[in-house]
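Now for the letters of each chain:
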Amino acid sequence: QEISNLQAQVDCYLSSINQLKKDIPIYFKQHSEINKETLILSKVLRSVGTLETNSQIQDVYFLCANKYEALEHKKHIYDDAYKHITDILDNSRNKIINPTNEIINDILSKRKKQNALLTQYKQSKKPLIESDYQAIDEVNQLVCYTQQTFPLNAFLHEKYRQETMKKLLYVILQTEIRHHCVVIEELSEVLQQLDYNPSFTQKT
């Protein structure tokens, strides 16, 4: 039952890993590509700035246009995150899922061998000799060892699985926060030079 439960957990985890590896690139690719709408906005700001007669306002419009263009070239953050997440997912498969499956298959294989050997001796009409008892003892010891180490292997699988799931979300959130920090940093300079008080209202 414990082996069946662990196998179900491994299969579920593998399904999650496959889904993430399939869909995460779509998200990061969309965010890393040059946004045509942003470039249009930058072009409009620069065009309007050219027509502006107030030099201070004109400079701010030009600065804002430049900042938007600069931000489009700072999206490598998403490319870096995609590579990082791909490495995490690949490591998950190679260092967590595959080894756990090998352990499960090894246990099942040894149990199968044990059952086959016992069945063979039970069906045999010949009396068991010393080598037969040695063979039975050997396979029993192997099965006993794998059963003793199984709880530790199951514990380690779950531990590293949880850590990986946390790490994946951490990278996604950190990437978004880093990108938004860059946006705030770049556009805050424009706000400072704008010298506009939003609390000021003019009655008409």
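The structure under discussion appears in the preceding block.
Residues numbered from 1 in each chain as written. Predicted model: local features only at pLDDT ≥ 70, side-chain atom pairs only at ≥ 80, totals over all residues. Heavy atoms only, no water.

*Asks:* Can you tell me about the packing of helix α4 (residues 76-123) against helix α5 (residues 130-194), naming the residues and giving the values?
*Replies:* Their axes nearest at 9 Å, the elements α4 and α5 cross at an angle of 165 degrees. By the angle between their directions, the pair α4 and α5 is classed as roughly antiparallel. Seen along the crossing, α4 lies across α5 with a hand that is left-handed. Residues that form the contact of α4 with α5 fall into these classes: 23 nonpolar, 12 polar and nine charged. (Axes fitted to C-alpha atoms, helices over the stretch in contact; angles between N-to-C directions. Helix = DSSP H or I, 4+ residues; strand = E, 2+ residues; numbered from the N terminus. Parallel < 35°, antiparallel > 145°, perpendicular 65-115°, else oblique. Left-handed = near helix turned anticlockwise from the far one by under 90°. Nonpolar A, V, L, I, M, F, W, Y, C, P; charged D, E, K, R; others polar.)

*Asks:* Can you break down helix α3 (residues 55-72) residue by residue, with the values?
*Replies:* Residue pairs three or four apart in sequence face the same way in an α-helix, which turns once every 3.6 residues. Between the first and last C-alpha of α3 there are 26 Å, a value that for 18 residues agrees with the 26 Å anticipated at 1.5 Å per step. Looking at α3, one finds that the buried residues are Val60, Leu63, Cys64, Ala65, Lys67, Leu71 and Glu72. Looking at the buried residues of α3, the elements they touch are α2 (36-51) and α5. Here α3 starts with a cap whose side-chain oxygen sits 2.9 Å from the backbone nitrogen of glutamine 56, and that cap is asparagine 54. (Expected span 1.5 Å × (residues − 1). Buried < 20%, exposed > 50% of the residue type's maximum accessible area, 1.4 Å probe, protein only. Contact = heavy atoms within 4.5 Å. Polar contact = N/O pair within 3.5 Å; in protein donor to acceptor, adjacent residues only side chain to side chain.)

*Asks:* Just give me the short version of the packing of aromatic side chains, but keep the residues and values in it.
*Replies:* The tally for this structure, following the rule as stated, stands at two aromatic pairs. Plain terms: the ring middles of tyrosine 27 and phenylalanine 28 are 5.4 Å apart, the flat faces sit at 75 degrees to each other, and that makes the pair edge-to-face. The exposure class of tyrosine 27 is partly exposed, given its relative accessible area of 31%. Measuring from centroid to centroid gives 6.1 Å for phenylalanine 28 and tyrosine 78, while their planes differ by 50 degrees, and the two rings are tilted. One end of the pair, phenylalanine 28, is in helix α1 (residues 2-32); the other, tyrosine 78, is in helix α4, with 50 residues separating them in the sequence. Neither residue differs from the other here; phenylalanine 28 and tyrosine 78 are each classed as buried. (Phe/Tyr/Trp six-rings, centres within 6.5 Å; stacked < 30°, edge-to-face > 60°.)

*Asks:* Before we move on, can you summarise a nonpolar patch on the surface with the specific residues and values?
*Replies:* A surface patch of nonpolar side chains, about 400 Å² in accessible area, is lined by Ile40, Val44, Val48, Ile57 and Tyr61. Put simply, the parts of the chain that give the nonpolar patch at least two residues each are α2 and α3. By residue number, the principal contributor to the nonpolar patch is α2, which donates three residues. Mapped onto the elements of the fold, valine 44 is located in helix α2. Judged by relative accessible area, valine 44 falls into the partly exposed class, the value being 43%. (Patch = residues over 30% accessible without salt bridge, like charges linked within 9 Å, V, L, I, M, F, W, Y side chains within 5 Å. Areas by Shrake-Rupley, 256 points an atom, 1.4 Å probe, with all protein chains shown as cover. Salt bridge = Lys/Arg side-chain N within 4 Å of Asp/Glu carboxyl O.)

*Asks:* So what's going on with the side chain of serine 32? Which residues, and what values?
*Replies:* When you line up the elements, serine 32 lands in helix α1. Judged by its relative accessible area of 17%, serine 32 falls in the buried class. Within the structure, the side chain of serine 32 is placed 3.1 Å from the backbone oxygen of lysine 29, a separation counted as a polar contact. Among all residues touching serine 32, those that are not within four sequence positions of it are Lys75, Tyr78 and Asp79.

*Asks:* Report on the environment of valine 60, specifying residues and quantitative values.
*Replies:* Checked against the element boundaries, valine 60 lands in helix α3. On the basis of relative accessible area, valine 60 is assigned to the buried category, the value being 6%. Along the backbone, valine 60 and glutamine 193 are 133 residues apart, and their C-alpha atoms lie at a distance of 6.5 Å. Among all residues touching valine 60, those that are not within four sequence positions of it are Val190, Gln193 and Leu194.

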